[in-house]
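# Structural features, examined
Chain by chain, the residues:
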Protein chains: 2
Amino acid sequence: MADRQARKNVSQRASGPALWASVGARVRDRERKRDAVILTAARAFRERGYHNTSLDDIASDLKVTKPTVYHYVENKEQLLFECFRAGLKLIMDGIDEQKESSATGRDRLAAVVTRYAEALTSEFGWCMVQAENQDLSPAMSRKVKSLKSEIDQGLRSLIRAGVTDGSIRPCDEKMTAFAIAGGLNWIAHWYRADDKLDAAQIAQRFIELFELGLRPR
Amino acid sequence: MADRQARKNVSQRASGPALWASVGARVRDRERKRDAVILTAARAFRERGYHNTSLDDIASDLKVTKPTVYHYVENKEQLLFECFRAGLKLIMDGIDEQKESSATGRDRLAAVVTRYAEALTSEFGWCMVQAENQDLSPAMSRKVKSLKSEIDQGLRSLIRAGVTDGSIRPCDEKMTAFAIAGGLNWIAHWYRADDKLDAAQIAQRFIELFELGLRPR
């Protein structure tokens, strides 16, 4: 009986709301700090280049010690990958959002193009298009390729859906996805935060070209 | 009189057809060898990366000594620039060709897009899109930017001509040029020489998207 009570107490300690709140707060705090490390690294890589940036630089930008940075990531390569993944996640979220939508394939594609432009003009834009050029280890290179392929498949499946529902004219879906993604990826090469157009305005002009084409209707 | 005859002989030696042919042959020979150095460098940079390739590697690929390579270029950075310029020249030639044409702006743009795709799928494609990411000296960086700007202005002026002659619907010519150039530049990231489609077929699909858009007509 005493034993059962003791077990119950342990169980309450381990699963009680107060304890969970505290664990939750610590997890959120850790996530917030990790996000700050990744965002700071993304800025540093973009401004100084990946090879010219050390973990010491990033620790110094964050005003923490290098061991603190190692608490969140194993090494610089993993940090670049996390920056790459953070940017791609913005696009993946955009693709996932559209999965529940009853809009046409063309309209869902346009919504994803807008999210894509937001991602490329974000702090992660540089890492998104430069990660694969940085002499990554074979394992890391495979992870980068696999995430890029997910985005590519997402775009192709929206184009395919549009052709099926009649909102997109029949086309070579692979080349169409490559042309659209290429135009969008290139934003990271020319976009500056003080550009006259913001991400939504850039996306709107790109969508106009991709939807309407240049030939007058 | 003897003096005049002597001068005449010198003049004949200096400007006679036989001498010119020989000078011409030597110039052509030098140009051919220089082109071989540039092409070999372009392949090496693409396969191993710019920072992982030394002038020794390029000399070894060419089966010549390093001083022979220095006979044609001052340093590795200049070699990268020459690879970049060789690729861009293919596009500039395409733009120049269209200057004499009486076709519509849209058709001239399509012809340039085809040349652009050929350039990006050539051995110089990698250097064309990677040159600016290689920690260039400020002077070299300015030269790269200036040549890129020439291409951009060429595309914009074709779009403007198309809007004027009615073959292209009114659009944001800068963003349209950026979207088209971005889609084309990105070819260098995914194209492999054993791809099913060749440059002309890729260009044709890109032109379809850019001209007709995705929305059925």
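Report follows, based on the coordinates. (Residues numbered from 1 in each chain as written. Chains lettered and ligands numbered in written order. Predicted model: local features only at pLDDT ≥ 70, side-chain atom pairs only at ≥ 80, totals over all residues. Heavy atoms only, no water.)

So, about the interface of chain A and chain B. Between chain A and chain B, the contact holds 39 residues from the first and 39 residues from the second. Both sides of the chain A and chain B interface together cover about 3,900 Å² of buried area, and 60% of this is carbon and sulfur. Looking only at chain A, the three residues that lose the most surface to chain B are Arg 169, Trp 186 and Leu 214 of chain A, adding up to 22% of its buried area. One can count six salt bridges joining chain A with chain B. A salt bridge links Arg 169 of chain B to Glu 208 of chain A; the nearest nitrogen and oxygen atoms lie 3.6 Å apart. (Contact = heavy atoms within 4.5 Å. Buried area = accessible area lost by both parts, 1.4 Å probe. Salt bridge = Lys/Arg side-chain N within 4 Å of Asp/Glu carboxyl O.)

Turning next to the packing of helix 6 (residues 105-120) of chain B against helix 9 (residues 173-185) of chain B. In helix packing, the relevant descriptors are the interaxial angle and the interaxial distance, both defined with respect to the helix axes. Residues and elements named next belong to chain B. Running from N to C, helix 6 and helix 9 cross one another at 30 degrees; their axes reach a closest spacing of 9 Å. If you check the angle between helix 6 and helix 9, you find them roughly parallel. For helix 6 against helix 9, the interelement crossing comes out right-handed. Across the interface between the two elements, Leu 109, Val 113, Tyr 116, Ala 117 and Leu 120 from helix 6 touch Ile 180, Ala 181, Leu 184 and Asn 185 from helix 9. For the contact of helix 6 with helix 9, the residue count by class is eight nonpolar, one polar and no charged. (Axes fitted to C-alpha atoms, helices over the stretch in contact; angles between N-to-C directions. Helix = DSSP H or I, 4+ residues; strand = E, 2+ residues; numbered from the N terminus. Parallel < 35°, antiparallel > 145°, perpendicular 65-115°, else oblique. Left-handed = near helix turned anticlockwise from the far one by under 90°. Nonpolar A, V, L, I, M, F, W, Y, C, P; charged D, E, K, R; others polar.)

Let us look at the packing of aromatic side chains. The full count for this structure, using the stated rule, is 10 aromatic pairs over all chains. Relative to Phe 178 of chain B, the ring of Trp 190 of chain A has its centre 4.7 Å away and its plane inclined at 55 degrees; by these criteria the two rings are tilted. Separated into two different chains, Trp 190 of chain A in helix 10 (residues 187-190) and Phe 178 of chain B in helix 9 make up a pair that spans both. With respect to burial, Trp 190 of chain A and Phe 178 of chain B carry one shared label: buried. Within the aromatic cluster, the residues linked to one another by ring pairs are Phe 178 of chain A together with Trp 190 and Tyr 191 of chain B. For Lys 76 of chain B, the ring lying beneath its charged end belongs to Tyr 50 of chain B, and the centroid distance is 4.4 Å. Of note, Lys 143 of chain B hangs over the ring of Phe 81 of chain B, and the distance from its end group to the ring centre comes to 4.7 Å. (Phe/Tyr/Trp six-rings, centres within 6.5 Å; stacked < 30°, edge-to-face > 60°. Buried < 20%, exposed > 50% of the residue type's maximum accessible area, 1.4 Å probe, protein only. Lys NZ or Arg CZ within 6 Å of the ring centre and 35° of its normal.)

Here we take up the nonpolar core. Phe 45 of chain A together with Phe 45 of chain B are the most contacted members of the largest nonpolar core, which totals 130 residues. Among all residues touching Phe 45 of chain B, those that are not within four sequence positions of it are Tyr 50, Thr 53, Ile 58, Lys 76, Leu 79, Leu 80, Cys 83, Trp 126 and Cys 127 of chain B. (Core = buried A, V, L, I, M, F, W, Y, C linked by side-chain atoms within 4.5 Å.)

Let's shift gears to the relation of the copies chain A and chain B. Under the fitted operation, chain A is carried onto chain B by 0.0 Å of movement along the axis and a turn of 180 degrees, and the coordinates agree to an RMSD of 0.0 Å. Taken together, the rotation angle and the small translation identify this as a two-fold axis. (Least-squares fit on C-alpha atoms with pLDDT ≥ 70 in both.)

A few words now on helix 6 (residues 105-120) of chain A. Taking 1.5 Å per residue, 16 residues should reach 22 Å; helix 6 of chain A reaches 22 Å between its end C-alpha atoms and fits that length. Looking at the buried side of helix 6 of chain A, the elements it contacts are helix 5 (76-99), helix 7 (125-130), helix 8 (138-165), helix 9 (173-185), helix 10 and helix 11 (199-212) of chain A. (Expected span 1.5 Å × (residues − 1).)

So, on to the environment of Leu 147 of chain B. All names here are of chain B. Among the structural elements, Leu 147 can be located in helix 8 (residues 138-165). On the basis of relative accessible area, Leu 147 is assigned to the buried category, the value being 18%. Between the C-alpha atom of Leu 147 and that of Phe 84, which follows or precedes it by 63 residues, the distance is 9.3 Å. Sequence-distant contacts of Leu 147, that is, excluding residues within four places in its chain, are made with Phe 81, Phe 84, Arg 85 and Leu 88.

Time to look at the environment of Ala 36 of chain A. Along the polypeptide, Ala 36 of chain A turns up in helix 2 (residues 17-48). For the pair Ala 36 of chain A and Lys 145 of chain A, spaced 109 residues apart in sequence, the C-alpha separation works out to 25 Å.

The next point concerns the packing of helix 5 (residues 76-97) of chain B against helix 6 of chain B. Residue and element names in this part refer to chain B. For the pair helix 5 and helix 6, the least separation of the axes is 9 Å and the interaxial angle reads 165 degrees. It follows from the interaxial angle that helix 5 and helix 6 lie roughly antiparallel. Judged by the sense of rotation from one axis to the other, the crossing of helix 5 with helix 6 is right-handed. For the pair helix 5 and helix 6, the contacting residues are Gly 87, Leu 90, Ile 91, Asp 93, Gly 94, Ile 95 and Glu 97 in the first and Val 112, Arg 115, Tyr 116 and Ala 119 in the second. Broken down by class, the residue content of the contact of helix 5 with helix 6 amounts to six nonpolar, two polar and three charged.

To continue, consider the pattern of salt bridges. All names here are of chain B. Summed over the entire model, instances satisfying the criterion amount to 42 salt bridges over all chains. A salt bridge links Glu 123 to Arg 43, with the shortest nitrogen-to-oxygen separation between them at 3.0 Å. In this pair, Glu 123 sits in the loop between helix 6 and helix 7 (125-130) while Arg 43 sits in helix 2 (residues 17-48), placing the two residues 80 residues apart along the sequence. Taking the relative accessible area as the measure of exposure, Glu 123 reaches 24% and is therefore partly exposed. One salt bridge in this structure joins Glu 97 and Arg 115, with 2.3 Å as the shortest N-O distance. With a gap of 18 residues between them, Glu 97 in helix 5 and Arg 115 in helix 6 connect regions that are remote in the sequence. On the accessibility criterion, Glu 97 (43% relative accessible area) is partly exposed.

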